[in-house]
Amino acid sequence: MNYPDKVCLVEVGPRDGLQNEATALTASQKSTLVDKLSACGLPVIETGSFVSPRWVPQMADSSAVFEKIKRRPGVRYTALTPNERGLDAAIDANVSEIAIFAAVTESFSRKNLNASIQETLQRFEPVLARAAARDLPVRGYLSCVLGCPYEGEVEPQVVSQLTRQLLDSGCHEVSLGDTIGTGTAGSMSRLLDTLLTDNIPVEQLAMHCHDTYGQALANIVIALQYGIATIDTSVAGLGGCPYAVGATGNVATEDVVYLLNGLGIEHGVDMPLLLEASRYISEQLQRDTQSRAAKALLTAQSTSAA
Ligand SMILES: CC(C)(COP(=O)([O-])OP(=O)([O-])OC[C@H]1O[C@@H](n2cnc3c(N)ncnc32)[C@H](O)[C@@H]1OP(=O)([O-])[O-])[C@@H](O)C(=O)NCCC(=O)NCCSC(=O)C[C@@](C)(O)CC(=O)[O-]
C-alpha cells in the first residue's frame, strides 16, 4: 500500500472547534491555545473567522485573537472570510492565508451562508481577485461532500465539479468536508475515484473529517492511500458545526498524530506538547477530551507517575 512520506496537518480547533463550543472563551484563552499549538510544530493553524457575529458569535473576537498570538516563523495563521468585509478584517489582522467556503448542496448553502451555491461563488469572486492582487493564498472548503443533514446522499460528480470550479477560480487547495461524519471507507473511495478520474490533482486536495459516526480515522486512512497529504484536525476533537445539528467535532489531532506515527509518516508534531495543548483547552472548556489517543496517553502518563 502506498502512503505519502509526509503529511501536512491543518489545525482547525481554534476556529472550527471553538465556533461550536457552548462555553465562551476570552481572546486571551484562545490565543494561548493557538500559541500552544504552534509550539507543537503544527504548520498551519486556522486561528479564527471574520464572519457575521450574528451568525457565529463565538468568532466575534477573531481580530483580538490575531493581535495577541505570538507568531512563529514558518507557521501559517489562517482565517475564514465569507465576503469582502471579512477579507478587509483578515487583511487588517495580517493573516497568512484566507479560506472561502461553499457547500455542495443548496440547503446547506442557504443555512450556512444565506445564499445559493452559485450566489456564494459569485460573492467570492472579488475576494479571490483582491487576494490574488496581494499574493494572499486562498484555501477553498466544500461542506457536505459525503452527505448533507438536509438532503442526504451527495453525488460524487457534484463534488468533483465544484472542486474544479474552486481550483479554477484561484484556490490553491480544496478541503473536502465530511461535515456530518456520515462518510465511510466505501463512500470515501467512491468520491476519490471520481475526483481523480476527473483529473483533480491529488496534491491540491485536503481532507476534513468529522467523527460523528466514528469513521474519521478509517476515512483518513483511505484518503492517505489515494495520496492525499493534507489533513485537517482539531485538538481534543473540539467542535461540530452550527448548521448541522448533532455533528460532533473534527477528528482529533492527537488521534491522527498517533495514526501517522504508526504508519511511519512524517508530520513534525511533538505529541507531548500536543497533549499539553489538549489538556489546556479541555480544562478551559471544562470538558473531557474527545481524543481516544489523548485519553489513553494521559492515563498512561498519570499511572507511570503514581
Ligand atoms: C455570509 C453572511 C455574512 C451572510 O449573512 P446575511 O445575513 O445574508 O448578510 P448581511 O450582509 O445582511 O449581514 C448580516 C449582518 O452581518 C454583518 N456582516 C456581514 N458580513 C460580515 C463579516 N464578514 N464580518 C462581520 N460582520 C459581517 C452585516 O453588517 C450585518 O450586520 P447587521 O446589519 O445585522 O448589524 C453570513 O451568512 C455568515 O457570516 N455566514 C458564516 C457562517 C459560518 O461562519 N459558518 C461556519 C463556518 S463553515 C464551516 O464550519 C464548515 C467547514 C469550513 O468547517 C467545513 C465542514 O466541516 O463542512
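Scroll up a little and you will see the structure.
What this report covers is the structure whose coordinates are included nearby. Worth saying up front: this structure is predicted, and the values here are computed from it rather than measured.

### A look at the pattern of salt bridges
Under the counting rule described, the total for this entry stands at 12 salt bridges. One salt bridge connects Glu97 with Arg76, and the closest N-O pair in it is separated by 2.8 Å. Of the two residues, Glu97 is situated in strand 4 (residues 97–103) and Arg76 in strand 3 (residues 76–80); the sequence distance between them amounts to 21 residues. Arg164 is the salt-bridge partner of Asp168, the closest N and O atoms lying 3.8 Å from each other. Of the two residues, Asp168 and Arg164 both sit in helix 7 (residues 156–168), four residues apart, roughly one turn of that helix. A relative accessible area of 30% places Arg164 in the partly exposed class. Bridged by salt links that share partners, the residues Arg15, Asp16 and Glu46 form one connected network.

### Observations concerning helix 6 (residues 117–133)
Taking 1.5 Å per residue as the helical rise, helix 6 with its 17 residues ought to reach 24 Å, and the 25 Å between its terminal C-alpha atoms agrees with that figure. Its maximal kink placed at Glu125, helix 6 deviates by approximately 30°, while the proline Pro126 follows within four residues. Looking at helix 6, one finds that the buried residues are Ile117, Thr120, Leu121, Phe124, Val127, Leu128 and Ala131. Backbone geometry just downstream of helix 6 places Asp135 in the positive-phi region, at approximately 55°.

What counts, and at which threshold
- Residues numbered from 1 in each chain as written.
- Predicted model: local features only at pLDDT ≥ 70, side-chain atom pairs only at ≥ 80, totals over all residues.
- Heavy atoms only, no water.
- Salt bridge = Lys/Arg side-chain N within 4 Å of Asp/Glu carboxyl O.
- Helix = DSSP H or I, 4+ residues; strand = E, 2+ residues; numbered from the N terminus.
- Buried < 20%, exposed > 50% of the residue type's maximum accessible area, 1.4 Å probe, protein only.
- Expected span 1.5 Å × (residues − 1).
- Bend = angle between axes of the 7 residues up to and from the residue.

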